[in-house]
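# Structural overview for review
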Amino acid sequence: MRSTLWLLGVLSIVALSACEDPATTTERPAASSAVLVETEIAELALIVQDAESVGTLVGNESVTITAKLTEQVSAVYFEGGELVEAGAVLVELIDVEQLALLREAEAKLRETQLQLDRFLTLGKDIATAAEIDVARARVDANAALLEALRSRIADRTIRAPFDGVIGLRRISVGALLTPGTVIAELDDVNPMKLDFTLPEHYLSQIDIGDSVDAKSTAWDGESFAGEVTQIGSRVDPATRAFSVRALIDNKDARLRPGMLMAVNVSLGEVPGIVVSETALVQSGAQSSVFIVDDESIARRVTVEIGRRMPGLIEIRSGLSPGDRVVRNGQMTLRPGVKVRESNLTSEADSLAGIGT
């Protein structure tokens, strides 16, 4: 019995010695070694806020030129697609009869005016006051008739109401026009109006004078600059969007009414926290980053992300300015692990240009 107890005691001592073997304790690196990571300092920067939409170009002034009366075309002075100046004659209609009536009205006016002048010169010697009044009324009536005829003749000469690009002509010499017959379209294309809509939550952010950048596939995505000039007075209850109009410079006349444009509206700059895009850890719909505390321990925090920029991402919540964020090496991290920071840098230099 005593020998059995002695044997058990020897075995217990051997087991305790084995647990304290240095070779055994060095096999737990997770508790004693630090994970090498690259970090950066989260700092505030000015971030450009913008809104995206699609819009349609409209001429600064646009009109469909039509005939006012029934008459035959005697001359056409445009082909279509060219620039015309305000007042330029576009079409003339046959007016032989009207010109003859005009000459007749001018002769009648001269005759009645001479009779009135004679009555006024000789006075009571040849005419009574009543006859003078009648003569004056005839002069007024013939003057009104002459003015009406001149207006009718002017309607037979169709002119451009403003400077612009004239569309393709729809008529030919000899064609009989009737009221409403379309002759051509005329558009003032410099500047151009760009109409688009934005969701209602942008209503408090957009303002007159905000910059607009518009692109068209017709010009390989080239940007055309403009600014907001009008904001709609209503929000559409069906779409919950409101209308916006911007003016786009078009001195070279490359843009035309009806073109589809991709619109980006600059809504100003706001301060925000921006970190490298590589710092973001995505797990399903949840976004997070690792930060390093003062004891060099890694902690995982859930963040709300905002705008994405080339190589950078906005953090709307979850981080504070000055936090040390792991931007490389986080794939091997676990919360609570001690880390060793390599190339601890401040992103101030790279963030200084955001929003400019």
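Residues numbered from 1 in each chain as written. Predicted model: local features only at pLDDT ≥ 70, side-chain atom pairs only at ≥ 80, totals over all residues. Heavy atoms only, no water.

## Description of the overall build of the chain
The condition is simple: Counting from the N terminus, the helices are the DSSP runs of H or I reaching at least four residues and the strands are the DSSP runs of E reaching at least two. Accessible surface area values rest on a Shrake-Rupley calculation with a 1.4 Å probe, where residue burial reflects the displayed protein chains alone.
Secondary structure assignment for the chain yields six helices and 19 strands. Summed over its atoms, the accessible surface of the chain is roughly 21,000 Å², and 54% of this surface lies on carbon and sulfur atoms.

## What about the packing of helix α4 (residues 96-122) against helix α5 (residues 129-155)?
The condition that has to hold: In this analysis an axis means a line fitted to C-alpha atoms, helices contributing only their contacting stretch, and an angle means the value between N-to-C directions, from 0 to 180 degrees. When describing relative orientation, an angle under 35 degrees is termed roughly parallel and one over 145 degrees roughly antiparallel, while 65 to 115 degrees is termed roughly perpendicular and anything else oblique. Crossings are assigned a handedness: left-handed for a near helix turned anticlockwise from the far helix by less than a right angle, right-handed for a clockwise turn. Charged means Asp, Glu, Lys or Arg here, nonpolar means Ala, Val, Leu, Ile, Met, Phe, Trp, Tyr, Cys or Pro, and polar covers whatever is left, Gly included.
Two elements in contact, α4 and α5, have axes separated by 8 Å at closest approach and are oriented at 160°. Considering the angle they form, α4 stands roughly antiparallel to α5. As for the relative orientation of α4 and α5, their crossing is left-handed in sense. For the contact of α4 with α5, the per-class residue count stands at 16 nonpolar, five polar and seven charged.

## Observations regarding the pairing of strand β18 (residues 324-328)
Just so we agree on the cut-off: We call a residue buried when its accessible area falls under 20% of the maximum for its residue type, exposed when it is over 50%, and partly exposed in between, using a 1.4 Å probe and counting protein chains only. Note on pairing: DSSP must find at least two bridges between two strands before they are called paired.
Within β18, four of the five residues are buried, which leaves the element mostly enclosed by the surrounding structure. Bridge count between strand β1 (residues 35-41) and β18: four bridges; the pairing is antiparallel. Residue pairing for β18: Ile 41 is matched across the bridge by Arg 324. Relative to β18, strand β15 (residues 286-292) runs antiparallel, the two being bridged by two bridges. The residue bridging Ile 291 from the neighbouring strand is Val 325, located in β18.

## Details of the nonpolar core
Most often, soluble globular proteins have nonpolar side chains that are buried together. Rules: To define a nonpolar core, start from buried Ala, Val, Leu, Ile, Met, Phe, Trp, Tyr and Cys residues and group those joined through side-chain atoms within 4.5 Å. In this analysis, two residues are considered to be in contact whenever any of their non-hydrogen atoms come within 4.5 Å of each other.
Counting residues in each nonpolar core, the largest one holds 24 residues, and the members touching the most others are Leu 194, Phe 196, Leu 198, Ile 206, Val 212, Leu 255 and Val 265. Per-element accounting of this core gives the leading share, five residues, to strand β9 (residues 182-199). Residue contacts for Leu 198: discarding those within four places in its chain leaves Ala 51, Glu 52, Ser 53, Ile 206, Arg 240, Ala 241, Phe 242 and Val 244. Of all hydrophobic cores here, the second largest spans 19 residues; its members include Val 84, Leu 93, Ile 166 and Leu 186.

## Some remarks on the sheet that holds strand β5 (residues 89-93)
Spatial ordering of the open sheet is given by β6-β5-β3-β8, a layout of four strands whose pairing is antiparallel. On the outer flanks of this sheet lie β6 (157-159) and β8 (176-177), each paired with one strand and no other. Bridge count for strand β3 (residues 71-76) against β5 is three bridges, and the pairing is antiparallel. Pairing of Ala 75 across the sheet is with Glu 92, part of β5.

## What to know about the pairing of β9
Strand direction decides the pairing type here: strand β2 (residues 43-66) and β9, joined by 11 bridges, are antiparallel. The residue of β9 that forms the bridge with Gly 59 is Met 192. Bridging between strand β7 (residues 164-166) and β9 involves two bridges; their strand directions are antiparallel. Counted as the bridge partner of Val 165 is Asp 187 from β9. The sheet contact formed by β9 and strand β12 (residues 241-248) spans eight bridges and is antiparallel. Residue pairing across strands places Leu 198 opposite Phe 242, the latter belonging to β12.

## With respect to the pattern of salt bridges
Cut-off, in case you're wondering: Any Lys or Arg side-chain nitrogen found within 4 Å of a carboxyl oxygen on Asp or Glu counts as a salt bridge.
Considering all chains together, one arrives at 14 salt bridges under this definition. Asp 50 is the salt-bridge partner of Arg 307, the closest N and O atoms lying 3.6 Å from each other. Taken as a pair, Arg 307 in strand β16 (residues 298-309) and Asp 50 in strand β2 lie far apart in primary sequence, 257 residues in all. Between Glu 341 and Arg 324 there is a salt bridge, with the nearest N and O atoms lying 2.0 Å from each other. Note that Glu 341 is positioned in strand β19 (residues 339-346) and Arg 324 in strand β18, a separation of 17 residues in sequence. Members of the salt-bridge network, linked through shared partners, are Glu 38, Glu 40 and Arg 327.

## Regarding the confidence of the model for the chain
Keep this limit in mind: pLDDT is a per-residue confidence score from the predictor, ranging from 0 to 100.
Of all residues in the chain, 86% attain a pLDDT of 70 or more, and the chain-wide mean is 82. When pLDDT is averaged over each helix and strand of the chain, the minimum, 36, is found for helix α2 (residues 22-25) and the maximum, 96, for β12. Overall, residues 1-32 carries pLDDT values under 50, and its contacts beyond four positions in sequence, including any with other chains, amount to one contact. Across residues 345-356 the pLDDT falls below 50, and counting only partners more than four positions away or on other chains, this stretch makes 26 contacts in the model.

## Details of the packing of aromatic side chains
Formally: Within 6.5 Å between ring centres, the rings of Phe, Tyr and Trp (the latter by its six-membered ring) count as paired, and their orientation is classed by plane angle as stacked under 30 degrees, edge-to-face over 60, tilted in between. The rule is short: NZ of Lys or CZ of Arg within 6 Å of the ring centre and within 35 degrees of the ring normal puts a charge over the ring.
Scanning the model with the defined rule gives zero aromatic pairs in all. Sitting above the plane of the Trp 219 ring, Arg 254 keeps its charged end 4.9 Å from the centroid.

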